[in-house]
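One letter stands for each residue in the lines below.
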Amino acid sequence: MDTCRVPANASKCSVNMECFMVLSTQAQKISIGILCGLFGTMCVFENSLVLYLIFSSPGIRRKPSYLFIGSLALADILASIIFVCSFVNFHVFNGAAFSKEVFLLQLGGVNTSFSASLSSLLLTALDRYISISRPSEYKLLMTRKRAWTALAVLWVTCATIASLPLLGWNCCTLDSVCSELFPFVDDNYESGWLCFIMVLLGCIVYAYGHVLWRARQHVAYMEKHQAQVGKQNTRMRMDVMLAKTLAMVLAVLILCWSPVLGLMIYSIFARLSDHLRKVFAFCSTLCLLNSMVNPIIYALRSKELFSSLRRVLSHFRKQLKVTEESPEAESTHKSSVIETVCEDTHTM
């Protein structure tokens, strides 16, 4: 009997970690290592740049919209670092020497980060929803204090839900059925986490559906009132642009997460073959791709972030030019000092 195929109703406290190391060939391990290294490095660099652009500009960081985008970037950075380190160590280097607690701690970090990423996107969608549906009351409803409070609740909630397996909701403590995809994870917890993620996605889709519907109304309104172009129309155009940008983020999110969520849902109702488990391992890297693409969309679509990036690059070029010219200036200064000393010597 295959030791990795235990009966579904059996206690699975003594988990065989090697059963979850589904990459059997060196080519598969190298492919996963390259994908994780490339996507993870780019994700950390791009999202770090987004955070710097937001918090280095007083005008941008005062806006709640960019606080939520900053939270999304921070969550993607943490998810990339924790996911790549744990995923590569487990699947590529076959590191299974750590304990149940260490593994669940790593899994909790990944779940916290990815859940916070989705939740930050939900807050951004709600921010756009309020901005377009109630523009005259937006500044009163969406203050910086409320934005920071919402972000604090978001991160605490995500961390609490992700910590439940470590706190005792796992198949070893409960002597229950384990997940086929994650060691030590209780099958019911996996179902609950999936429901939480699906609720988040449903709320995001609903909010963006309303935002895009109102955006189309605004476009039609502006086309009929071209003579009344002013501050209000400019604000509407900015809202429409940002709504379209975030709709692109949502489309990428669904495309990248659908394979992973689909396989997780399928694993609850049916047993996965070894081939599907390998597919799940490769599809997991799409989550990194999603985190890598988001900052590119911001840079291409957000005029404020793009302008801030241009200022940073311009400042960097000036500093580089000054650094290159400084040795020449220093040598010229030294030559003039030597000439002055020689003239003084001749005079004496």
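Rules of the game
Residues numbered from 1 in each chain as written. Predicted model: local features only at pLDDT ≥ 70, side-chain atom pairs only at ≥ 80, totals over all residues. Heavy atoms only, no water. Disulfide = S-S within 2.5 Å. Buried < 20%, exposed > 50% of the residue type's maximum accessible area, 1.4 Å probe, protein only. Phe/Tyr/Trp six-rings, centres within 6.5 Å; stacked < 30°, edge-to-face > 60°. Helix = DSSP H or I, 4+ residues; strand = E, 2+ residues; numbered from the N terminus. Core = buried A, V, L, I, M, F, W, Y, C linked by side-chain atoms within 4.5 Å. Contact = heavy atoms within 4.5 Å. pLDDT = per-residue confidence, 0-100. Polar contact = N/O pair within 3.5 Å; in protein donor to acceptor, adjacent residues only side chain to side chain. Salt bridge = Lys/Arg side-chain N within 4 Å of Asp/Glu carboxyl O. 1 Å grid on protein atoms, 1.4 Å probe; cavity = no way out; pocket = protein on both sides within 12 Å on 5 of 7 lines; lining within 4 Å. Points joined across faces, edges and corners; volume = space filled by probe spheres on them. Patch = residues over 30% accessible without salt bridge, like charges linked within 9 Å, V, L, I, M, F, W, Y side chains within 5 Å. Areas by Shrake-Rupley, 256 points an atom, 1.4 Å probe, with all protein chains shown as cover. Lys, Arg positive; Asp, Glu negative; His and termini not counted. Charge placed at Lys NZ, Arg CZ, Asp CG, Glu CD.

## Some points on the state of the cysteines
Argument step 1. Applying the stated rule across the entire model yields 1 disulfide.
Argument step 2. Between the sulfur atoms of Cys-171 and its disulfide partner Cys-178 the distance amounts to 1.7 Å. Judged by the sign of its S-S torsion, about 80°, the cystine formed by Cys-171 and Cys-178 is right-handed. The same class applies to Cys-171 and to Cys-178, which are both buried.

## Brief notes about the packing of aromatic side chains
Argument step 1. Evaluated as defined, the whole model comprises 7 aromatic pairs.
Argument step 2. With 4.8 Å between their ring centres and 15° between their planes, Phe-83 and Phe-87 make a pair best called stacked. Of this pair, Phe-83 and Phe-87 both sit in helix α3 (residues 64-91), 4 residues apart, which is roughly one turn of the helix.
Argument step 3. For the ring pair Phe-83 and Phe-114, a centre distance of 6.1 Å and an interplane angle of 70° mean the geometry is edge-to-face. Of this pair, Phe-83 sits in helix α3 while Phe-114 sits in helix α4 (residues 100-133), and the two are 31 residues apart along the sequence.
Argument step 4. A relative accessible area of 6% places Phe-114 in the buried class.
Argument step 5. Counting every residue linked through ring pairs, the aromatic cluster contains Phe-83, Phe-87, Phe-114 and Trp-257.

## Some remarks on the nonpolar core
Argument step 1. Among the nonpolar cores identified, the biggest contains 70 residues, and Cys-36, Phe-83 and Trp-257 are the most heavily contacted of them.
Argument step 2. At the level of elements, α1 (26-55), α3, α4, α8 (187-224), α9 (231-269), α10 (274-301) and α11 (303-347) are the ones that each hand at least two residues to this core.
Argument step 3. Here the element with the most residues in this core is α3; it accounts for 11 residues.
Argument step 4. Every residue in contact with Cys-36, bar those within four places of it in the chain, is listed here: Thr-41, Phe-83, Val-84, Phe-87, Val-88, Thr-285 and Leu-288.
Argument step 5. One finds Phe-68, Ala-116, Tyr-138 and Met-142 within the second-largest nonpolar core, a separate group that totals 11 residues.

## Structural notes on the confidence of the model for the chain
Argument step 1. Across the chain, the average pLDDT comes to 80, with 79% of residues at or above 70.
Argument step 2. By mean pLDDT, the top-scoring element of the chain is helix α6 (residues 144-167) (94), and the lowest-scoring one is α11 (66).
Argument step 3. Overall, residues 6-12 carries pLDDT values under 50, and its contacts beyond four positions in sequence, including any with other chains, amount to 14 contacts.
Argument step 4. The low-confidence segment residues 344-348, where pLDDT is below 50, has 0 contacts with residues more than four positions distant or belonging to other chains.

## Observations concerning the environment of Lys-63
Argument step 1. As for its position among the elements, Lys-63 is in the loop between α2 (58-61) and α3.
Argument step 2. For the pair Lys-63 and Arg-144, spaced 81 residues apart in sequence, the C-alpha separation works out to 7.2 Å.
Argument step 3. In terms of polar contacts, Lys-63 uses its side chain to reach the side chain of Glu-304, at 2.2 Å.

## Regarding the side chain of His-210
Argument step 1. Structurally, His-210 is set in helix α8.
Argument step 2. In this structure His-210 comes out as buried when scored by relative accessible area, which is 19%.

## Side note on the pattern of salt bridges
Argument step 1. Counting across every chain of the model gives 6 salt bridges.
Argument step 2. For the salt bridge of Lys-63 with Glu-304, the shortest nitrogen-to-oxygen distance reads 2.2 Å. Of this pair, Lys-63 sits in the loop between α2 and α3 while Glu-304 sits in helix α11, and the two are 241 residues apart along the sequence.
Argument step 3. The residue Arg-134 makes a salt bridge to Glu-137 at a minimum N-O spacing of 2.6 Å.
Argument step 4. When its relative accessible area of 33% is taken as the criterion, Glu-137 is described as partly exposed.

## Remarks on unusual backbone geometry
Argument step 1. A positive phi angle is found at Asp-175, which is not glycine, with a value near 55°.
Argument step 2. Among the residues examined, Asp-175 registers a relative accessible area of 47% and is labelled partly exposed.
Argument step 3. Positive phi is not limited to glycine here, since Phe-184 has a value of about 70°.

## Digging into empty space enclosed by the protein
Argument step 1. Tallied over the entire structure, the rule returns 3 cavities of 30 Å³ or more.
Argument step 2. Along its surface, the largest cavity is lined by 31 residues, and Phe-83, Phe-87, Leu-107, Phe-182 and Phe-280 are the ones closest to its centre.
Argument step 3. Counting residues per element, the ones that place at least two in the lining of the largest cavity are α3, α4, α8, α9 and α10.
Argument step 4. With 6 residues, α4 is the single largest residue contributor to the lining of the largest cavity.

## A closer look at the environment of Arg-301
Argument step 1. On the secondary structure map, Arg-301 appears in helix α10.
Argument step 2. A residue is classified by how much of its surface remains accessible, and Arg-301, at 25% relative accessible area, is partly exposed.

## Focus on a positive patch on the surface
Argument step 1. Where like charges cluster on the molecular surface, the positive patch consists of Arg-310, Arg-317, Lys-318 and Lys-321.
Argument step 2. With respect to the secondary-structure elements, Arg-317 resides in helix α11.

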